[in-house]
Amino acid sequence: MVKKENLIFCYDVVLHRKIKREGYSYLTAAISLSDRKFWLYPRCSEIDNIMKEHTQASN
């Protein structure tokens, strides 16, 4: 069974583009109950690193 902690819910379009540009595919795209688009990625160390770099660049 897939657990929530093994997934990344990406609501940031810029971050989504960075992850996609690095060659990773999302599992699905959807609209949240609060009417926001998000992309669902499997959690892995490479995507975690992309997220960390993105957060550091944003600060």
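Everything discussed here concerns the structure shown above.
Below is a summary of the structure that appears in this document.

About the thresholds
Residues numbered from 1 in each chain as written. Predicted model: local features only at pLDDT ≥ 70, side-chain atom pairs only at ≥ 80, totals over all residues. Heavy atoms only, no water. Phe/Tyr/Trp six-rings, centres within 6.5 Å; stacked < 30°, edge-to-face > 60°. Helix = DSSP H or I, 4+ residues; strand = E, 2+ residues; numbered from the N terminus. Buried < 20%, exposed > 50% of the residue type's maximum accessible area, 1.4 Å probe, protein only. Expected span 1.5 Å × (residues − 1). Arc of directions from axis to C-beta. Polar contact = N/O pair within 3.5 Å; in protein donor to acceptor, adjacent residues only side chain to side chain.

Before going further, it helps to spend a moment on the packing of aromatic side chains. Following the criterion strictly, the structure yields 3 aromatic pairs and no others. Their ring planes at 45° and their centres at 5.7 Å tell us that phenylalanine 9 and phenylalanine 38 sit as a pair that is tilted. Of the two residues, phenylalanine 9 is situated in strand 1 (residues 7-10) and phenylalanine 38 in strand 3 (residues 37-42); the sequence distance between them amounts to 29 residues. Taking 5.2 Å as the distance between ring centres and 40° as the angle between the ring planes, the aromatic pair formed by tyrosine 11 and phenylalanine 38 counts as tilted. In this pair, tyrosine 11 sits in the loop between strand 1 and helix 1 (13-21) while phenylalanine 38 sits in strand 3, placing the two residues 27 residues apart along the sequence. The class of tyrosine 11 is partly exposed, set by a relative accessible area of 34%. Assessed through its relative accessible area of 11%, phenylalanine 38 is described here as buried. Among the aromatic residues, those joined into a cluster by ring pairs are Phe9, Tyr11 and Phe38.

A word on helix 2 (residues 45-58). Over its 14 residues, helix 2 runs 20 Å from end to end, which matches the ideal 20 Å to within 8%, given 1.5 Å per residue. Within helix 2, burial applies to Ile47, Ile50 and His54. Angularly, the buried residues of helix 2 cover 55° about the axis, an arc narrow enough to put them on a single face. Those residues of helix 2 that are exposed and angled more than 90 degrees off the buried face are Lys52, Glu53 and Gln56.

As a further point, take helix 1. Of all the residues in helix 1, the buried ones are Leu15, His16 and Ile19. With its buried residues spanning 100° around the axis, helix 1 presents them on a single face. Exposed positions of helix 1 whose direction lies more than 90 degrees from the buried face are Arg17, Lys20 and Arg21. With a side-chain oxygen lying 2.9 Å from the backbone nitrogen of valine 14, the N-terminal cap of helix 1 falls on aspartate 12.

Function cannot be read off these values alone, since they describe shape.
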